[in-house]
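Chain residues, written in single-letter form:
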Amino acid sequence: MRLLIVEDELGIALAIEDVAIDAGFEIAGIAGNMSEALDLGAEADIAIIDVRLGDGLTGPSIARALFSGFGLGVVYFTVNPGPIENPKGRPVVTKPTSPERIADALYMAAKNARARTHRVASGPTFH
């Protein structure tokens, strides 16, 4: 499973990268803003996204764009989860955190992404 890290603080991005690699993920790239995230979106299966980047509260917009444009599973990463509109029930990791919490959230997003891909590949279901 390939992970896109959307984080504007390089030290934090590299720490997430270390945790993700130790947890068995491949790194698709590190992006610090919307443009970079969209450029790398096709290379990833899931993304961990800081909610407040250097240009403001842009994480939720990036999450919506990556989900709708590329079908990426999303994990939010934030100090304050209050501003997140999260109708899809995406995992939220609050800072400060532990490597285990990050890995657990990434596993959850990966599991959801695989389930979504399986449903799409097997055709529509009707209820």
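Residues numbered from 1 in each chain as written. Predicted model: local features only at pLDDT ≥ 70, side-chain atom pairs only at ≥ 80, totals over all residues. Heavy atoms only, no water.

### Considerations on the pattern of salt bridges
- Applying the stated criterion across every chain yields a total of three salt bridges.
- In this structure, Asp-45 engages Arg-2 in a salt bridge whose closest nitrogen and oxygen atoms are separated by 3.1 Å. Here Arg-2 lies in strand β1 (residues 2–6) and Asp-45 lies in the loop between α2 (34–40) and β3 (46–50), a separation of 43 residues in the sequence.
- Assessed through its relative accessible area of 24%, Asp-45 is described here as partly exposed.
- According to the relative accessible area criterion, Arg-2 is partly exposed, its value standing at 31%.
- For Asp-50, the salt bridge identified is with Lys-95, shortest N-O distance 3.3 Å. (Salt bridge = Lys/Arg side-chain N within 4 Å of Asp/Glu carboxyl O. Helix = DSSP H or I, 4+ residues; strand = E, 2+ residues; numbered from the N terminus. Buried < 20%, exposed > 50% of the residue type's maximum accessible area, 1.4 Å probe, protein only.)

### A look at the side chain of Thr-58
- Relative to the helices and strands, Thr-58 resides in the loop between β3 and α3 (59–70).
- At a separation of 3.0 Å, a polar atom in the side chain of Thr-58 contacts the side chain of Asp-55. (Polar contact = N/O pair within 3.5 Å; in protein donor to acceptor, adjacent residues only side chain to side chain.)

### What about the pairing of strand β4 (residues 73–78)?
- Burial analysis of β4 places six of its six residues in the buried class, which makes it a mostly covered element.
- Here β4 shows no split at all, with Gly-73, Val-75 and Phe-77 on one side and Val-74, Tyr-76 and Thr-78 on the other all buried.
- Pairing of β3 with β4 involves five bridges; the strand directions are parallel. Paired with Ile-48 across the bridge in β4 is Val-75.
- One ladder, built from three bridges, connects β4 with strand β5 (residues 92–94); its direction is parallel. (Pairing = 2+ DSSP bridges.)

### A few points about helix α1 (residues 10–22)
- Taking 1.5 Å of rise per residue, the 13 residues of α1 would be expected to cover 18 Å, and the 18 Å separating its terminal C-alpha atoms lies within 8% of that figure.
- Of the residues making up α1, those classed as buried are Ala-13, Ile-16, Glu-17, Val-19 and Ala-20. End-on, the buried residues of α1 take up no more than an arc of 165 degrees, which puts them together on one face. For α1, the exposed residues set more than 90 degrees away from the buried face come down to Gly-11 and Asp-22.
- Immediately downstream of α1, the backbone of Gly-24 shows phi near 100 degrees, a positive value. (Expected span 1.5 Å × (residues − 1). Arc of directions from axis to C-beta.)

### As for the nonpolar core
- Core analysis: the largest hydrophobic core is formed by 20 residues, its most contacted members being Leu-3, Phe-25, Ile-46, Ile-48, Val-75, Ile-102 and Leu-106.
- When residues of this core are traced back to their parent elements, those giving at least two are β1, α1, β3, β4 and α4 (99–122).
- In terms of residue count, α4 provides more of this core than any other element does, seven residues in total.
- Apart from the residues lying within four places of it in its own chain, the contact partners of Leu-106 are Leu-3, Ala-20, Phe-25, Ile-46, Ile-48 and Val-75.
- Counting residues in hydrophobic clusters, the runner-up holds 16 residues, among them Val-51, Ile-62, Tyr-76 and Ile-84. (Core = buried A, V, L, I, M, F, W, Y, C linked by side-chain atoms within 4.5 Å. Contact = heavy atoms within 4.5 Å.)

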